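Structure assessment
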Amino acid sequence: MKRVEGTVLFTQESRFMLETDAGERHLFILSHKASAEAQQLPPLQHRQARVRVTYDNDPAIIGYAAHAIDVLPEQRRGQGARQWARQ
Amino acid sequence: MGAAMIAGLPLSNRVRDYPESEFRHPLPHEAELTAGVRIEPGRSYGFFTDTTVCIGCKACEVACKEWNNLPADNLGLTGDSYDNTGHLSANTWRHVAFIEQMADRPTEMRPFQSNWLMMSDVCKHCHNPPCMEACPTGALFKTEFDTVVVQQDICNGCGYCVPACPFGVVDLNPLDGKAHKCTLCYDRLKGGLEPACAKSCPTDSIQFGEVADLQQRAAKRLEHLHAVGVPSAYLYGAPDGPGATGGLKYLNAFFLLTDRPEVYNLPEAPTRPSDRVAPSLLSGLAAVAGLAVAAVALFSRRD
Ligand code: SF4
Ligand code: SF4
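Residues numbered from 1 in each chain as written. Chains lettered and ligands numbered in written order. Predicted model: local features only at pLDDT ≥ 70, side-chain atom pairs only at ≥ 80, totals over all residues. Heavy atoms only, no water.

All names here are of chain B. You can read the domains of chain B as domain 1 (1-38) and domain 2 (40-271). The centre of domain 1, based on its C-alpha atoms, is set 25 Å off from the matching centre of domain 2. Taken together, the two surfaces of domain 1 and domain 2 that pack against each other cover about 880 Å², and 54% of this comes from carbon and sulfur. Counting across the interface, domain 1 meets domain 2 through one salt bridge. Residue lysine 199 is joined to glutamate 30 by a salt bridge in which the shortest nitrogen-to-oxygen separation is 2.8 Å. Here domain 1 is connected to domain 2 by five residue pairs in polar contact (both at pLDDT 80 or more). At three residues, helix α1 (residues 30-34) tops the list of elements feeding residues into the side of domain 1 that touches domain 2. Split by residue class, the side of domain 1 that touches domain 2 holds five nonpolar, two polar and two charged. (Domains from an automatic or database assignment. Buried area = accessible area lost by both parts, 1.4 Å probe. Salt bridge = Lys/Arg side-chain N within 4 Å of Asp/Glu carboxyl O. Polar contact = N/O pair within 3.5 Å; in protein donor to acceptor, adjacent residues only side chain to side chain. Helix = DSSP H or I, 4+ residues; strand = E, 2+ residues; numbered from the N terminus. Nonpolar A, V, L, I, M, F, W, Y, C, P; charged D, E, K, R; others polar.)

Here the focus is the pattern of salt bridges. Any two side chains of opposite charge can pair if their charged atoms end up close together. Going through the model one piece at a time under the given rule, you end up with 20 salt bridges over all chains. Between aspartate 50 of chain B and arginine 221 of chain B there is a salt bridge whose closest N-O contact spans 2.6 Å. Of this pair, aspartate 50 of chain B sits in strand β3 (residues 45-50) while arginine 221 of chain B is found in helix α7 (residues 211-227), placing the two residues 171 residues apart along the sequence. The class for aspartate 50 of chain B is buried, based on a relative accessible area of 3%. Look at the salt bridges and you will find they share partners, linking Glu5, Asp21, Arg50 and Arg52 of chain A into a network. (Buried < 20%, exposed > 50% of the residue type's maximum accessible area, 1.4 Å probe, protein only.)

Set out below in C-alpha coordinates:
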(Lines give C-alpha, C1' and ligand atoms only; values in the text may rest on other atoms or scores of the structure.)
(Ligands and ions follow the chains in the order given, each with its own letter.)
Protein backbone atom coordinates (compact mmCIF):
# COMPACT_ATOMS: atom_id res chain seq x y z
CA MET A 1 0.00 0.00 0.00
CA LYS A 2 1.18 3.52 -0.82
CA ARG A 3 0.84 6.66 1.30
CA VAL A 4 0.48 10.32 0.40
CA GLU A 5 -0.04 13.47 2.50
CA GLY A 6 -1.93 16.57 1.50
CA THR A 7 -4.97 18.81 1.92
CA VAL A 8 -8.54 17.72 1.21
CA LEU A 9 -9.75 20.24 -1.39
CA PHE A 10 -13.26 18.98 -2.00
CA THR A 11 -15.47 15.96 -1.60
CA GLN A 12 -18.48 14.50 -3.41
CA GLU A 13 -20.21 11.40 -2.06
CA SER A 14 -17.33 8.95 -1.35
CA ARG A 15 -14.90 10.78 -3.64
CA PHE A 16 -12.35 13.37 -2.57
CA MET A 17 -9.57 15.41 -4.14
CA LEU A 18 -6.25 15.72 -2.34
CA GLU A 19 -3.60 18.33 -3.07
CA THR A 20 -0.05 17.45 -2.05
CA ASP A 21 2.48 20.01 -0.85
CA ALA A 22 4.06 19.81 -4.31
CA GLY A 23 0.73 20.94 -5.81
CA GLU A 24 -0.22 17.60 -7.37
CA ARG A 25 -3.91 16.68 -7.20
CA HIS A 26 -5.13 13.12 -6.76
CA LEU A 27 -8.67 11.76 -6.92
CA PHE A 28 -9.63 9.08 -4.38
CA ILE A 29 -12.67 6.91 -3.83
CA LEU A 30 -13.17 5.83 -0.22
CA SER A 31 -12.94 2.03 -0.30
CA HIS A 32 -15.72 -0.03 1.27
CA LYS A 33 -12.94 -1.71 3.26
CA ALA A 34 -12.07 1.55 5.06
CA SER A 35 -13.58 2.00 8.51
CA ALA A 36 -15.08 5.33 7.49
CA GLU A 37 -18.20 6.47 5.71
CA ALA A 38 -18.70 9.03 2.97
CA GLN A 39 -20.55 11.40 5.33
CA GLN A 40 -17.34 11.80 7.35
CA LEU A 41 -15.57 13.41 4.39
CA PRO A 42 -17.28 16.85 4.11
CA PRO A 43 -15.95 18.06 7.53
CA LEU A 44 -12.43 17.38 6.22
CA GLN A 45 -13.18 19.56 3.20
CA HIS A 46 -14.67 22.37 5.31
CA ARG A 47 -11.56 22.40 7.52
CA GLN A 48 -9.27 21.98 4.49
CA ALA A 49 -7.78 19.27 6.68
CA ARG A 50 -4.31 17.88 6.16
CA VAL A 51 -4.46 14.10 5.94
CA ARG A 52 -2.35 11.07 5.17
CA VAL A 53 -4.07 8.65 2.78
CA THR A 54 -3.16 4.98 2.48
CA TYR A 55 -4.19 3.89 -0.97
CA ASP A 56 -3.97 1.46 -3.87
CA ASN A 57 -4.15 1.93 -7.62
CA ASP A 58 -7.32 0.84 -9.35
CA PRO A 59 -6.71 -0.26 -12.94
CA ALA A 60 -10.32 0.47 -13.95
CA ILE A 61 -10.21 4.23 -13.29
CA ILE A 62 -7.91 7.23 -13.35
CA GLY A 63 -7.97 7.57 -9.59
CA TYR A 64 -7.14 5.63 -6.44
CA ALA A 65 -8.88 3.53 -3.81
CA ALA A 66 -8.38 5.10 -0.34
CA HIS A 67 -8.11 2.41 2.36
CA ALA A 68 -7.30 4.64 5.36
CA ILE A 69 -7.26 8.35 6.14
CA ASP A 70 -5.24 9.71 9.07
CA VAL A 71 -5.89 13.32 10.04
CA LEU A 72 -2.64 15.18 10.69
CA PRO A 73 -2.51 17.67 13.59
CA GLU A 74 -3.28 21.21 12.40
CA GLN A 75 -0.51 22.93 14.40
CA ARG A 76 2.28 20.41 14.09
CA ARG A 77 1.88 19.36 10.51
CA GLY A 78 3.97 16.41 9.51
CA GLN A 79 4.70 15.43 13.15
CA GLY A 80 2.59 12.38 13.83
CA ALA A 81 -0.97 11.61 12.91
CA ARG A 82 -4.21 10.88 14.75
CA GLN A 83 -5.76 7.74 13.42
CA TRP A 84 -9.11 8.74 11.92
CA ALA A 85 -10.16 5.97 9.65
CA ARG A 86 -8.21 2.80 9.18
CA GLN A 87 -8.95 -0.38 7.38
CA MET B 1 -38.30 37.77 -15.88
CA GLY B 2 -37.85 40.18 -18.77
CA ALA B 3 -38.05 40.27 -22.55
CA ALA B 4 -34.37 39.61 -23.35
CA MET B 5 -33.86 36.56 -25.58
CA ILE B 6 -30.77 34.54 -26.44
CA ALA B 7 -31.02 31.59 -28.87
CA GLY B 8 -34.81 31.71 -28.58
CA LEU B 9 -34.75 31.28 -24.80
CA PRO B 10 -36.14 33.96 -22.51
CA LEU B 11 -33.53 35.49 -20.22
CA SER B 12 -33.99 37.47 -17.06
CA ASN B 13 -33.51 41.24 -17.15
CA ARG B 14 -31.04 40.58 -14.34
CA VAL B 15 -28.36 39.86 -16.98
CA ARG B 16 -28.01 43.63 -17.33
CA ASP B 17 -26.94 43.84 -13.66
CA TYR B 18 -23.83 41.76 -14.35
CA PRO B 19 -21.87 43.18 -17.30
CA GLU B 20 -18.56 41.65 -16.10
CA SER B 21 -17.52 38.16 -17.25
CA GLU B 22 -15.74 37.02 -14.07
CA PHE B 23 -17.24 36.92 -10.60
CA ARG B 24 -15.55 36.61 -7.24
CA HIS B 25 -18.68 35.52 -5.40
CA PRO B 26 -21.65 33.26 -6.14
CA LEU B 27 -24.59 35.05 -7.76
CA PRO B 28 -27.99 34.66 -6.11
CA HIS B 29 -30.39 32.57 -8.24
CA GLU B 30 -27.75 32.17 -10.92
CA ALA B 31 -29.93 29.79 -12.98
CA GLU B 32 -32.18 32.75 -13.75
CA LEU B 33 -29.27 34.26 -15.67
CA THR B 34 -28.01 31.10 -17.36
CA ALA B 35 -31.21 29.10 -17.99
CA GLY B 36 -34.01 31.63 -17.51
CA VAL B 37 -35.48 29.75 -14.55
CA ARG B 38 -35.52 30.40 -10.79
CA ILE B 39 -34.96 27.20 -8.79
CA GLU B 40 -37.36 26.83 -5.89
CA PRO B 41 -38.18 23.82 -3.71
CA GLY B 42 -41.57 22.25 -4.38
CA ARG B 43 -41.33 22.70 -8.16
CA SER B 44 -40.52 20.04 -10.72
CA TYR B 45 -37.27 20.33 -12.70
CA GLY B 46 -35.72 18.29 -15.49
CA PHE B 47 -34.02 18.31 -18.88
CA PHE B 48 -35.25 18.56 -22.45
CA THR B 49 -32.50 17.12 -24.66
CA ASP B 50 -32.92 18.05 -28.33
CA THR B 51 -30.66 15.55 -30.09
CA THR B 52 -30.99 17.33 -33.44
CA VAL B 53 -28.66 20.11 -32.24
CA CYS B 54 -26.13 17.92 -30.36
CA ILE B 55 -22.68 18.23 -31.96
CA GLY B 56 -21.05 15.48 -29.84
CA CYS B 57 -18.56 17.82 -28.16
CA LYS B 58 -18.92 15.93 -24.84
CA ALA B 59 -18.70 19.20 -22.87
CA CYS B 60 -21.56 17.87 -20.72
CA GLU B 61 -19.64 14.69 -19.88
CA VAL B 62 -16.59 16.71 -18.88
CA ALA B 63 -18.62 19.24 -16.85
CA CYS B 64 -20.34 16.40 -14.99
CA LYS B 65 -17.03 14.68 -14.19
CA GLU B 66 -15.51 17.98 -13.05
CA TRP B 67 -18.36 19.10 -10.83
CA ASN B 68 -18.99 15.69 -9.30
CA ASN B 69 -15.32 14.75 -8.92
CA LEU B 70 -15.86 11.56 -10.94
CA PRO B 71 -12.85 9.61 -12.22
CA ALA B 72 -12.39 8.64 -15.86
CA ASP B 73 -13.35 5.01 -16.45
CA ASN B 74 -13.75 2.67 -19.44
CA LEU B 75 -10.06 3.20 -20.14
CA GLY B 76 -8.66 2.11 -23.48
CA LEU B 77 -10.18 2.13 -26.94
CA THR B 78 -13.74 0.94 -27.33
CA GLY B 79 -13.36 0.48 -31.09
CA ASP B 80 -16.77 2.10 -31.33
CA SER B 81 -16.35 5.17 -33.58
CA TYR B 82 -15.45 8.30 -31.58
CA ASP B 83 -17.25 7.16 -28.46
CA ASN B 84 -14.54 6.49 -25.88
CA THR B 85 -16.94 6.57 -22.91
CA GLY B 86 -19.05 3.63 -24.05
CA HIS B 87 -21.96 3.76 -21.65
CA LEU B 88 -23.35 5.23 -18.45
CA SER B 89 -21.79 3.81 -15.29
CA ALA B 90 -21.21 4.50 -11.59
CA ASN B 91 -18.48 6.94 -12.62
CA THR B 92 -20.03 8.28 -15.86
CA TRP B 93 -23.36 10.01 -15.33
CA ARG B 94 -23.57 11.63 -18.78
CA HIS B 95 -22.79 9.72 -21.94
CA VAL B 96 -22.84 11.21 -25.42
CA ALA B 97 -23.66 8.39 -27.84
CA PHE B 98 -22.17 8.63 -31.36
CA ILE B 99 -24.41 6.65 -33.69
CA GLU B 100 -23.00 6.27 -37.17
CA GLN B 101 -25.68 5.64 -39.77
CA MET B 102 -23.72 3.36 -42.09
CA ALA B 103 -26.60 2.74 -44.52
CA ASP B 104 -26.23 6.24 -45.98
CA ARG B 105 -22.54 5.96 -46.71
CA PRO B 106 -20.41 6.33 -48.73
CA THR B 107 -22.39 7.03 -51.90
CA GLU B 108 -24.63 9.71 -50.45
CA MET B 109 -23.47 12.36 -47.98
CA ARG B 110 -26.33 14.60 -46.97
CA PRO B 111 -25.55 17.89 -45.21
CA PHE B 112 -25.53 18.51 -41.45
CA GLN B 113 -25.74 15.44 -39.20
CA SER B 114 -27.44 13.12 -41.64
CA ASN B 115 -24.85 10.37 -41.15
CA TRP B 116 -24.40 10.69 -37.42
CA LEU B 117 -26.88 10.79 -34.59
CA MET B 118 -25.58 12.20 -31.32
CA MET B 119 -27.40 12.03 -28.05
CA SER B 120 -26.41 12.94 -24.51
CA ASP B 121 -27.89 10.22 -22.31
CA VAL B 122 -28.51 10.61 -18.59
CA CYS B 123 -30.77 9.41 -15.75
CA LYS B 124 -34.36 10.12 -16.78
CA HIS B 125 -35.45 11.20 -13.26
CA CYS B 126 -38.63 9.20 -13.89
CA HIS B 127 -41.93 10.53 -12.56
CA ASN B 128 -42.58 7.02 -11.13
CA PRO B 129 -38.99 5.84 -10.60
CA PRO B 130 -38.66 2.02 -10.63
CA CYS B 131 -35.22 2.26 -8.95
CA MET B 132 -36.84 3.98 -5.97
CA GLU B 133 -39.60 1.36 -5.82
CA ALA B 134 -36.98 -1.42 -5.69
CA CYS B 135 -34.77 0.18 -3.01
CA PRO B 136 -35.33 -1.62 0.34
CA THR B 137 -33.54 0.99 2.49
CA GLY B 138 -35.09 4.20 1.17
CA ALA B 139 -31.69 5.40 -0.07
CA LEU B 140 -33.28 6.42 -3.39
CA PHE B 141 -35.63 9.32 -2.82
CA LYS B 142 -37.43 12.17 -4.55
CA THR B 143 -35.93 15.53 -3.70
CA GLU B 144 -37.78 18.80 -3.14
CA PHE B 145 -37.02 19.52 -6.84
CA ASP B 146 -38.84 16.33 -7.99
CA THR B 147 -35.57 14.66 -8.97
CA VAL B 148 -34.29 11.20 -7.99
CA VAL B 149 -31.13 10.92 -5.86
CA VAL B 150 -29.23 8.10 -4.10
CA GLN B 151 -28.55 9.03 -0.47
CA GLN B 152 -25.08 7.59 -0.02
CA ASP B 153 -25.17 7.10 3.76
CA ILE B 154 -28.38 5.02 3.47
CA CYS B 155 -27.37 2.88 0.46
CA ASN B 156 -26.32 -0.61 1.58
CA GLY B 157 -25.09 -1.67 -1.87
CA CYS B 158 -27.66 -4.45 -2.36
CA GLY B 159 -27.97 -3.49 -6.04
CA TYR B 160 -31.75 -4.09 -6.34
CA CYS B 161 -32.09 -0.72 -8.12
CA VAL B 162 -29.71 -1.78 -10.91
CA PRO B 163 -31.98 -4.30 -12.71
CA ALA B 164 -35.09 -2.28 -11.72
CA CYS B 165 -34.07 0.72 -13.86
CA PRO B 166 -35.57 0.14 -17.32
CA PHE B 167 -32.93 2.42 -18.86
CA GLY B 168 -29.80 0.75 -17.41
CA VAL B 169 -28.75 3.95 -15.65
CA VAL B 170 -27.95 3.27 -12.01
CA ASP B 171 -24.80 1.25 -11.33
CA LEU B 172 -22.85 -0.13 -8.36
CA ASN B 173 -19.29 1.01 -7.82
CA PRO B 174 -17.27 -2.04 -6.65
CA LEU B 175 -14.75 0.28 -4.93
CA ASP B 176 -17.14 1.86 -2.43
CA GLY B 177 -19.94 -0.72 -2.79
CA LYS B 178 -22.67 1.90 -3.34
CA ALA B 179 -25.11 2.73 -6.12
CA HIS B 180 -24.40 5.89 -8.11
CA LYS B 181 -26.11 7.92 -10.81
CA CYS B 182 -26.83 11.49 -11.91
CA THR B 183 -28.19 13.59 -9.02
CA LEU B 184 -29.46 16.28 -11.41
CA CYS B 185 -26.80 18.28 -9.58
CA TYR B 186 -28.80 18.30 -6.34
CA ASP B 187 -26.15 20.40 -4.60
CA ARG B 188 -26.18 22.98 -7.41
CA LEU B 189 -29.99 23.17 -7.44
CA LYS B 190 -29.92 23.86 -3.69
CA GLY B 191 -27.56 26.76 -4.42
CA GLY B 192 -29.74 28.14 -7.24
CA LEU B 193 -27.34 26.97 -9.97
CA GLU B 194 -28.20 25.35 -13.29
CA PRO B 195 -26.89 21.74 -13.52
CA ALA B 196 -23.29 21.64 -14.77
CA CYS B 197 -24.01 19.63 -17.95
CA ALA B 198 -26.81 21.90 -19.18
CA LYS B 199 -24.80 25.02 -18.37
CA SER B 200 -21.82 23.76 -20.38
CA CYS B 201 -23.81 22.72 -23.48
CA PRO B 202 -22.76 25.10 -26.27
CA THR B 203 -25.74 24.42 -28.54
CA ASP B 204 -28.47 24.22 -25.88
CA SER B 205 -29.11 20.61 -26.88
CA ILE B 206 -29.51 20.06 -23.11
CA GLN B 207 -32.07 22.50 -21.75
CA PHE B 208 -32.76 22.71 -18.04
CA GLY B 209 -35.97 24.09 -16.59
CA GLU B 210 -39.34 23.41 -15.04
CA VAL B 211 -40.74 20.21 -16.55
CA ALA B 212 -44.06 21.78 -17.67
CA ASP B 213 -42.20 24.64 -19.44
CA LEU B 214 -39.80 22.18 -21.07
CA GLN B 215 -42.69 20.05 -22.32
CA GLN B 216 -44.26 23.12 -23.97
CA ARG B 217 -40.91 24.17 -25.45
CA ALA B 218 -40.37 20.64 -26.80
CA ALA B 219 -43.86 20.54 -28.39
CA LYS B 220 -43.09 23.81 -30.22
CA ARG B 221 -39.72 22.52 -31.39
CA LEU B 222 -41.37 19.34 -32.64
CA GLU B 223 -43.98 21.33 -34.55
CA HIS B 224 -41.21 23.41 -36.14
CA LEU B 225 -39.18 20.34 -37.16
CA HIS B 226 -42.26 18.73 -38.74
CA ALA B 227 -42.99 21.98 -40.61
CA VAL B 228 -39.45 22.23 -42.03
CA GLY B 229 -39.38 18.63 -43.26
CA VAL B 230 -38.17 16.39 -40.43
CA PRO B 231 -41.22 14.13 -40.06
CA SER B 232 -39.20 11.51 -38.18
CA ALA B 233 -38.82 13.79 -35.11
CA TYR B 234 -40.73 12.74 -31.98
CA LEU B 235 -40.55 13.12 -28.21
CA TYR B 236 -39.35 10.27 -25.99
CA GLY B 237 -40.51 10.56 -22.39
CA ALA B 238 -43.21 13.22 -22.87
CA PRO B 239 -46.48 12.47 -20.98
CA ASP B 240 -47.89 9.05 -21.94
CA GLY B 241 -45.86 8.99 -25.18
CA PRO B 242 -43.02 6.68 -26.28
CA GLY B 243 -40.58 6.11 -23.42
CA ALA B 244 -43.22 6.89 -20.79
CA THR B 245 -45.03 3.56 -21.08
CA GLY B 246 -45.66 0.89 -18.44
CA GLY B 247 -46.88 3.29 -15.75
CA LEU B 248 -43.85 5.60 -15.91
CA LYS B 249 -46.27 8.40 -16.93
CA TYR B 250 -43.50 10.83 -17.99
CA LEU B 251 -39.77 11.34 -17.63
CA ASN B 252 -38.40 14.55 -16.08
CA ALA B 253 -35.41 14.16 -18.43
CA PHE B 254 -36.90 13.60 -21.89
CA PHE B 255 -35.56 13.64 -25.43
CA LEU B 256 -36.33 14.71 -28.98
CA LEU B 257 -35.24 11.84 -31.25
CA THR B 258 -35.31 11.24 -35.00
CA ASP B 259 -34.91 7.46 -35.14
CA ARG B 260 -36.27 4.45 -33.27
CA PRO B 261 -35.45 4.42 -29.52
CA GLU B 262 -33.35 1.23 -29.89
CA VAL B 263 -30.99 3.09 -32.24
CA TYR B 264 -30.12 5.35 -29.27
CA ASN B 265 -29.87 2.35 -26.91
CA LEU B 266 -33.19 3.29 -25.28
CA PRO B 267 -35.95 0.74 -24.64
CA GLU B 268 -38.89 0.95 -27.04
CA ALA B 269 -41.48 0.38 -24.30
CA PRO B 270 -39.97 0.64 -20.79
CA THR B 271 -41.96 -0.82 -17.91
CA ARG B 272 -41.92 -0.75 -14.11
CA PRO B 273 -40.84 -4.12 -12.65
CA SER B 274 -43.29 -3.57 -9.75
CA ASP B 275 -46.14 -4.02 -12.27
CA ARG B 276 -44.87 -7.54 -12.89
CA VAL B 277 -44.87 -8.62 -9.22
CA ALA B 278 -48.56 -9.69 -9.09
CA PRO B 279 -48.52 -11.64 -12.41
CA SER B 280 -45.20 -13.31 -11.45
CA LEU B 281 -46.53 -14.26 -8.02
CA LEU B 282 -49.77 -15.60 -9.47
CA SER B 283 -47.98 -17.60 -12.18
CA GLY B 284 -45.61 -19.00 -9.52
CA LEU B 285 -48.54 -20.01 -7.31
CA ALA B 286 -50.33 -21.52 -10.34
CA ALA B 287 -47.19 -23.52 -11.20
CA VAL B 288 -46.90 -24.84 -7.61
CA ALA B 289 -50.63 -25.72 -7.56
CA GLY B 290 -50.29 -27.47 -10.93
CA LEU B 291 -47.30 -29.50 -9.73
CA ALA B 292 -49.13 -30.44 -6.54
CA VAL B 293 -52.20 -31.63 -8.50
CA ALA B 294 -49.93 -33.63 -10.86
CA ALA B 295 -48.07 -35.20 -7.91
CA VAL B 296 -51.35 -36.15 -6.18
CA ALA B 297 -52.68 -37.66 -9.42
CA LEU B 298 -49.43 -39.60 -9.99
CA PHE B 299 -49.17 -41.03 -6.47
CA SER B 300 -52.88 -41.86 -6.14
CA ARG B 301 -52.66 -43.91 -9.39
CA ARG B 302 -49.73 -45.97 -7.91
CA ASP B 303 -51.80 -46.85 -4.86
S1 SF4 C 1 -33.83 6.37 -15.24
FE2 SF4 C 1 -33.42 4.62 -13.92
S3 SF4 C 1 -32.07 5.43 -12.30
FE4 SF4 C 1 -33.06 7.21 -13.29
S5 SF4 C 1 -34.91 7.63 -12.03
FE6 SF4 C 1 -35.54 6.27 -13.75
S7 SF4 C 1 -35.37 4.20 -12.86
FE8 SF4 C 1 -34.19 5.55 -11.50
S1 SF4 D 1 -27.29 17.02 -13.85
FE2 SF4 D 1 -25.29 17.13 -12.82
S3 SF4 D 1 -24.96 15.03 -12.09
FE4 SF4 D 1 -26.57 14.90 -13.69
S5 SF4 D 1 -25.47 14.50 -15.63
FE6 SF4 D 1 -25.73 16.74 -15.43
S7 SF4 D 1 -23.79 17.42 -14.48
FE8 SF4 D 1 -23.95 15.20 -14.12
